[in-house]
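Observations on the model geometry
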Amino acid sequence: QVRLVESGGGLVQAGGSLRLSCVASGRTFSRSAMGWFRQAPGKERELVGAIGWTGSTTYYADVVKGRATISRDNAKNAVYLQMNSLKPEDTAVYYCAGSRSVDYPAHYDYEYQYWGQGTQVTVSS
């Protein structure tokens, strides 16, 4: 059984930082794209960013560009999301996703077949 488990969410003040982690088990993602998505209450799920299998290529949504950094450790089957200068509008459940079909930083949720349960990030003003 493939599992992706996120951690690192919580309550943070505006302007603060968080580092989210996602560790996968049951399948190696070392040759696969990994992504971070988020979903705020009443809104559709949106891509935060994605990383290719080597870790050298990344993609970020405009709303987080310059404030987010995605990295991965293939030896640990893990992916990370560092978020700085957090804003109240960053409040959402953050999901880790893994692909079995693409190895580049995929932008769309249909390109990811494996999903974590999510971790809540709440940014207070």
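Quick summary incoming for the structure in this document. Since this is a predicted model, take the numbers as computed values, not measurements.

A separate point is the side chain of Ser-32. With respect to the secondary-structure elements, Ser-32 resides in the loop between strand S3 (18-25) and strand S4 (34-39). The exposure class assigned to Ser-32 is buried, which follows from its relative accessible area of 5%. At 3.5 Å, the side chain of Ser-32 and the side chain of Arg-27 are in polar contact. There is a polar contact of 3.0 Å between the side chain of Ser-32 and the backbone oxygen of Ser-99. Look past the residues within four positions of Ser-32 in its chain and what remains in contact with it is Arg-27, Gly-52, Trp-53, Arg-72, Ser-99, Arg-100, Val-102 and Asp-103.

This paragraph deals with the nonpolar core. In globular proteins that are soluble, nonpolar side chains generally tend to be buried together. Leu-4, Trp-36, Val-79, Leu-81, Met-83 and Tyr-94 are the most contacted members of the largest nonpolar core, which totals 27 residues. With near-sequence residues (within four places) excluded, Leu-4 lies in contact with Cys-22, Val-23, Ala-24, Phe-29, Met-34, Cys-96, Ala-97, Gly-98, Tyr-114, Trp-115, Gly-116 and Gln-117.

This paragraph deals with the state of the cysteines. The bond known as a disulfide is covalent and runs between the sulfur atoms of two cysteines. Considering all chains together, one arrives at one disulfide under this definition. Between Cys-22 and Cys-96 runs a disulfide, and the two sulfur atoms are separated by 2.1 Å. Between Cys-22 and Cys-96 the sulfur-sulfur dihedral comes to about -70°; the bridge is accordingly left-handed. Of this pair, Cys-22 sits in strand S3 while Cys-96 sits in strand S9 (residues 92-98), placing them 74 residues apart in sequence. Residues Cys-22 and Cys-96 agree in their burial class; the two are buried.

The rules behind these values
Residues numbered from 1 in each chain as written. Predicted model: local features only at pLDDT ≥ 70, side-chain atom pairs only at ≥ 80, totals over all residues. Heavy atoms only, no water. Helix = DSSP H or I, 4+ residues; strand = E, 2+ residues; numbered from the N terminus. Buried < 20%, exposed > 50% of the residue type's maximum accessible area, 1.4 Å probe, protein only. Polar contact = N/O pair within 3.5 Å; in protein donor to acceptor, adjacent residues only side chain to side chain. Contact = heavy atoms within 4.5 Å. Core = buried A, V, L, I, M, F, W, Y, C linked by side-chain atoms within 4.5 Å. Disulfide = S-S within 2.5 Å.

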